[in-house]
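If you want the building blocks of each chain, they are given just below.
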Amino acid sequence: MSISSSSDVGFSEEMEFYLSQPDIGQELHKALHEAAPLECKPVIETRSRRRARLRLSNSLSPIHSLPCELLSLIFTEYCLMPIGPDKKMFPHSVITQVCSTWRQVAHSTPRLWSRFQASYGLDGLEVNGDKMFTWLSRSGQVPLDVAIRPKDNTFSPASNVLGCLGSFEHRIRILHLAIPLHALLPLCPSSSFPLLTALNIRLIRSDSTKNKVRAKVQKLSPSILHRSPRLTDLTFVGSELSEEMVPNILGLLLPVSELKILQLIVAAEACHILMNPLAYLQILIGSCTSLVHCTLRCPQWMPGVAVPDITFPLLQTLDLLDWHDECESRFLNAITVPSLRHFRTNHTYHGGFVNDSFANDLINLQTRSSAPLRSFELVGMHELLVDDILSILSVFPTIQGLGLNHCELETAPLMRALEYREDEPLLVPELRAFSYKNAQLKPKGSDRYIADMVESRNLTGDNDEQTRPPNLHCISKLTLIFERQSLSQAVTKRLKNCGIDELVLDDKKKKKEN
């Protein structure tokens, strides 16, 4: 007990030494009195004396009592934390200008310089290869996170900025590049990223070099990923690509293996361009055994080309973005996804067209996969019938989150089918979250059916005396948004009394008020 007490006292005295505020006034008075000539009475503060006073005041500040190791940790945590409204883009420059001690501590902290984020163009940071090299040279041997993005898509980074990557490629762990294709091509032949775990490439448009790229793209060398064995997260976004560029640019991303997260967003420069699906699917086939999350968009496929069967044993999230309806049907019929948890498809770009076989495609997918689907969202599918949706929901009883957004569905039959009624089969009994966003209700005045459905599942309103069956879950999150129509006050009141934890109601009336 005596040992513990003495150690506590010693710790308290040490903390009091670091945190206590010295009597700065007394120290200043003593220092100025000793430095003042005898004939100067009273002492007049000159510029040199003022500097001496400020130096002494700074040296006696409690922050200067902290060990350099603690200062290093404080600097690192602040500089690497997410950028907020009150934080400068590059706080490193502020820290290094406070005093010589802070500058020495900052320059001798490698992790402080392990993240380099630069924007270029109008209102962007003026970055050149020399500044980038100086910055990254202070990082010692720690892994690097590098991001180079434009402020304006008409600007390209200086050539020596991308050239500087070659000096540090062996230590780059995360790389974000938003650059024109002609700036990316020189990186591919000789680059090696042995520590790279996440790569994000977004091709930006550059009309001035379009013809140059068309000539170079025919002579592409090995992939940018051919020596990146640790890569698990890949994002590639390329739009307005010509017919001959699509397969060659996709070749930049091969070979791939052991990817867990893949976002492959590829769009052609015109809707009539058709591509061989195999050029796109090779990236999926290379990582099909390890993928967990996929977001996919691709140009329209050539007809008559056989699509190989692909099994994704670990895939949990599949997000199809603006697929042509016929291509989507061919893809859904070729894949097997036994671990699928989240499915989303968006048809907004193509005007909401839906293949006639869409419902059967998903039913067949579930027949092959037996997936424990948790969330299901359809966006912009204007031509989908309510009966098709109900047939899809019938094979996915484990759905907990349902989103039917901008599909312009008939509200009354859909809500009546989702209602809970005793002694009748119930669709998606585990439903907990429901999102329903449309321009308007079809038909008008059918909002009461939404309230009926929610009350039946939450056992409120006229259903409060019923006994809840064990497989019925309450709706705890509800989102209703109608751009050109208003919910009635009676329906709004009923929904607010349903015990919903997260209720979002937004309609024409609220938009006018805002």
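Remember, it's a predicted structure, so these values are computed and weren't measured experimentally. (Residues numbered from 1 in each chain as written. Predicted model: local features only at pLDDT ≥ 70, side-chain atom pairs only at ≥ 80, totals over all residues. Heavy atoms only, no water.)

Chemist: Looking at this model, I keep getting lost on the confidence of the model for the chain. Mind explaining?
Modeler: A low pLDDT means the predicted coordinates there should not be read in detail. Overall, the prediction assigns the chain a mean pLDDT of 80, with 74% of residues at 70 or greater. Below a pLDDT of 50 lies the segment residues 1-7, which in the model reaches 0 contacts outside its immediate sequence neighbourhood of four places, other chains included. Contacts of residues 17-22 to residues separated by more than four positions or lying in other chains number 7 contacts, the stretch itself having pLDDT below 50. (pLDDT = per-residue confidence, 0-100. Contact = heavy atoms within 4.5 Å.)

Chemist: Looking at this structure, I do not really get the side chain of Thr76. What am I missing?
Modeler: Tracing the sequence through the fold places Thr76 in helix H4 (residues 68-80). With sequence-adjacent residues up to four places away left out, Thr76 is seen in contact with Thr109, Arg111 and Leu112. (Helix = DSSP H or I, 4+ residues; strand = E, 2+ residues; numbered from the N terminus.)

Chemist: Honestly, the environment of Ser369 in this entry has me stumped. Any pointers?
Modeler: Tracing the chain through its elements places Ser369 in helix H14 (residues 358-369). Distance in space between the C-alpha atoms of Ser369 and Phe312 is 9.7 Å, their sequence separation being 57 residues. Not counting the four nearest positions on each side in its chain, Ser369 is found in contact with Thr336, Val337 and Pro338. Only 2.9 Å separates the side chain of Ser369 from the backbone oxygen of Leu365, close enough to count as a polar contact. (Polar contact = N/O pair within 3.5 Å; in protein donor to acceptor, adjacent residues only side chain to side chain.)

Chemist: Any chance you could explain the packing of aromatic side chains here in plain terms?
Modeler: Describing an aromatic ring pair means giving the distance of the ring centres and the angle of the ring planes. In the structure shown here, the tally under the stated rule is 11 aromatic pairs. Each ring, one from Phe343 and one from Phe376, has its centre 5.8 Å from the other, and the planes form 15°; the classification is stacked. You can see Phe343 sitting in strand E11 (residues 342-346) and its partner Phe376 sitting in strand E12 (residues 375-379), a full 33 residues away along the chain. Here the aromatic rings of Phe434 and Tyr436 are separated by 5.8 Å at their centres, their planes lie at 20°, and the arrangement is stacked. A residue is classified by how much of its surface remains accessible, and Phe434, at 2% relative accessible area, is buried. Looking at Tyr436, the relative accessible area reads 1%, which means it is buried. An aromatic cluster is built from Tyr280, Trp301, Trp323 and Phe331, whose rings are joined through pairwise contacts. The residue whose ring lies beneath Arg138 is Trp113, and the NZ or CZ to ring-centre distance is 4.7 Å. Between the NZ or CZ atom of Arg297 and the centre of the ring of Tyr349, over which it lies, the distance is 4.7 Å. (Phe/Tyr/Trp six-rings, centres within 6.5 Å; stacked < 30°, edge-to-face > 60°. Buried < 20%, exposed > 50% of the residue type's maximum accessible area, 1.4 Å probe, protein only. Lys NZ or Arg CZ within 6 Å of the ring centre and 35° of its normal.)

Chemist: Is there a simple way to think about helix H6 (residues 100-107) in this case?
Modeler: Given 3.6 residues to a turn, an α-helix orients residues that are three or four positions apart in the same direction. Trp102, Val105 and Ala106 are the residues of H6 that are buried. Down the axis of H6, the sector holding all buried residues measures 100°, keeping them to one side. (Arc of directions from axis to C-beta.)

Chemist: Just to check I follow, could you spell out unusual backbone geometry for this structure?
Modeler: In terms of backbone geometry, most residues other than glycine have negative phi values and most peptide bonds are trans. Of the consecutive residues Lys442 and Pro443, the connecting peptide bond is found in the cis state with omega at -10°. A positive phi angle, close to 65°, is found at Glu258, a residue other than glycine. Within the secondary structure, Glu258 is located in the loop between helix H11 (245-251) and strand E6 (261-268). Even without being glycine, Leu459 reaches a positive phi, approximately 55°. Looking at Leu459, the relative accessible area reads 11%, which means it is buried.

Chemist: It is not clear to me how the pattern of salt bridges should be interpreted in this structure. Could you clarify?
Modeler: Going through the model one piece at a time under the given rule, you end up with 7 salt bridges. Of the charged contacts, one joins Arg344 and Asp319 as a salt bridge, the two residues approaching to 3.3 Å between their closest N and O atoms. Of the two residues, Arg344 sits in strand E11 while Asp319 sits in strand E9 (residues 317-321), which places them 25 residues apart along the sequence. Judged by relative accessible area, Asp319 falls into the buried class, the value being 15%. (Salt bridge = Lys/Arg side-chain N within 4 Å of Asp/Glu carboxyl O.)

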